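Notes for the structure review
Chain residues, written in single-letter form:
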Amino acid sequence: QVQLVESGGGLVQAGGSLRLSCTASGRTFSSYRMGWFRQAPGKEREFVAGINRSGGLTDYADSVKGRFTISRDNANNTVYLQMNSLKPEDTAAYYCAGTIGTYITRTARSYDYWGQGTQVTVSS
């Protein structure tokens, strides 16, 4: 069983930056492909970014490409989401997710473990 705990959300003005962190329990973090998803009120949960086990491969939704960066530190069981040039439409609850596997996946149902979420609010 893996537990994921997110932190780093908050209120920021448009154009600002935030860095989200997600720390995993357990000793097999390097076996997990990880992803960040977000869900705004009244909308479905959507893929934001994904990273493979080593951190050498990443994938981004078109809406965040060039503004967000996903990375991981396997020694400290943590995955990050650096968010720059934030827009009001980025406002959502952000969730990290993980699952055993090699390839990055954008499909939420492919992930077995989820954090509790952290709220990001971008004011205009």
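Anything mentioned here points back to the structure above.
Bear in mind the structure is a predicted one, so any value in this text is a computation, not a measurement. (Residues numbered from 1 in each chain as written. Predicted model: local features only at pLDDT ≥ 70, side-chain atom pairs only at ≥ 80, totals over all residues. Heavy atoms only, no water.)

Each aromatic ring pair is described using two quantities: the centre-to-centre distance and the angle formed by the ring planes. Under the defined criterion, the tally for this structure stands at 5 aromatic pairs. Taking 5.7 Å as the distance between ring centres and 75° as the angle between the ring planes, the aromatic pair formed by F37 and F47 counts as edge-to-face. Taken together, the residues F37 in strand β4 (residues 32–39) and F47 in strand β5 (residues 46–51) connect sequence positions 10 residues apart. Residue F37 is classed as buried on the basis of its relative accessible area, which comes to 1%. Look at F47 and you get buried, because its relative accessible area is 9%. By the ring-pair criterion, three or more aromatic residues cluster together here, those being F37, F47, Y111 and W114. Between R45 and the ring centre of Y95, over which it is positioned, the NZ or CZ distance is 3.9 Å. Note that R45 overlies the ring of W114, its terminal NZ or CZ placed 4.8 Å from the centroid. (Phe/Tyr/Trp six-rings, centres within 6.5 Å; stacked < 30°, edge-to-face > 60°. Helix = DSSP H or I, 4+ residues; strand = E, 2+ residues; numbered from the N terminus. Buried < 20%, exposed > 50% of the residue type's maximum accessible area, 1.4 Å probe, protein only. Lys NZ or Arg CZ within 6 Å of the ring centre and 35° of its normal.)

This next bit is on the pattern of salt bridges. The final tally for this structure, using the stated rule, is 5 salt bridges. Salt-bridge contacts for E46 lead to R38; the nearest nitrogen and oxygen are separated by 2.6 Å. Residue R38 is classed as buried on the basis of its relative accessible area of 6%. The shortest N-O distance in the salt bridge between D90 and R38 comes to 2.9 Å. With a gap of 52 residues between them, D90 in the loop between β8 (78–83) and β9 (92–100) and R38 in strand β4 connect regions that are remote in the sequence. For the pair D90 and R38, a shared accessibility class is recorded, and that class is buried. (Salt bridge = Lys/Arg side-chain N within 4 Å of Asp/Glu carboxyl O.)

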